[in-house]
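Architecture at a glance
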Amino acid sequence: QEGDSQAVATLYSLHYQRIYTFAYYRLDGNVPLAEDITEEAFMRAFRMIGTFQWKGVSFGAWVVTIARNLIVDMLRRPEALQLQETWLDASLDPEKAVEQDITNKELGMALEKLTPDQKEVIILRFFEDFSIAETAKITGKSVDAVKRLQARALIVLESKLTRDES
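Here we summarise the structure given alongside this text. (Residues numbered from 1 in each chain as written. Predicted model: local features only at pLDDT ≥ 70, side-chain atom pairs only at ≥ 80, totals over all residues. Heavy atoms only, no water.)

1. A short note on the pattern of salt bridges
Here the structure, examined in full by the defined rule, presents 8 salt bridges. In this structure, the salt-bridge partner of D28 is K119, at a minimum N-O distance of 2.1 Å. Taken together, the positions of D28 in the loop between α1 (5–26) and α2 (31–47) and K119 in helix α5 (residues 116–127) put the pair 91 residues apart, joining distant regions of the chain. For D28, a relative accessible area of 46% gives the class partly exposed. Looking at K119, the relative accessible area reads 6%, which means it is buried. With a closest N to O distance of 2.8 Å, R44 and E40 form a salt bridge. Residue R44 and its partner E40 are located together in helix α2, separated by 4 residues, close to a single helical turn. With relative accessibility at 27%, the residue E40 sits in the partly exposed group. Three or more residues are tied together by salt bridges with common partners; here these are R26, R68 and E120. (Salt bridge = Lys/Arg side-chain N within 4 Å of Asp/Glu carboxyl O. Helix = DSSP H or I, 4+ residues; strand = E, 2+ residues; numbered from the N terminus. Buried < 20%, exposed > 50% of the residue type's maximum accessible area, 1.4 Å probe, protein only.)

2. Some remarks on α2
Helix length check: α2 (17 residues) gives 24 Å between terminal C-alpha atoms against 24 Å at 1.5 Å per residue, within 8%. The N-cap residue of α2 is N30: its side-chain oxygen and the backbone nitrogen of L33 are 3.1 Å apart. (Expected span 1.5 Å × (residues − 1). Polar contact = N/O pair within 3.5 Å; in protein donor to acceptor, adjacent residues only side chain to side chain.)

Set out below in structure tokens:
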């Protein structure tokens, strides 16, 4: 908030992967859009950093909320979701890269069986490690609603992933 560029770089480094992962899974593995959303979320956060106040929600949760709002706005305009790209980690050997891609696709297909709210809760809780309280604040839902969404989503995921294994 005091204009320290090193602090901005540190916040970016600490939270980039979390925001990107949220966007990646929320956008069904669309790498270019996830990257765009992540960058735009940070740009907006740093433009509005003067308004950030500690209210029990971390800086990372605040940026996820910004990313979430950007995604919601974008999903209202389906024509913006046309880019698709498959991403493999180049640091993996080819066999592991293929395994990673298959696992990501299976998980992505299982996540597709969830409602948008269930999917968002699962991503925030298990991919991003937010608490139930933080997830409730990010999504604007009650703690009980988050718990119900999570429970229902886990039942659907278990059913889908178990069925696919057999």
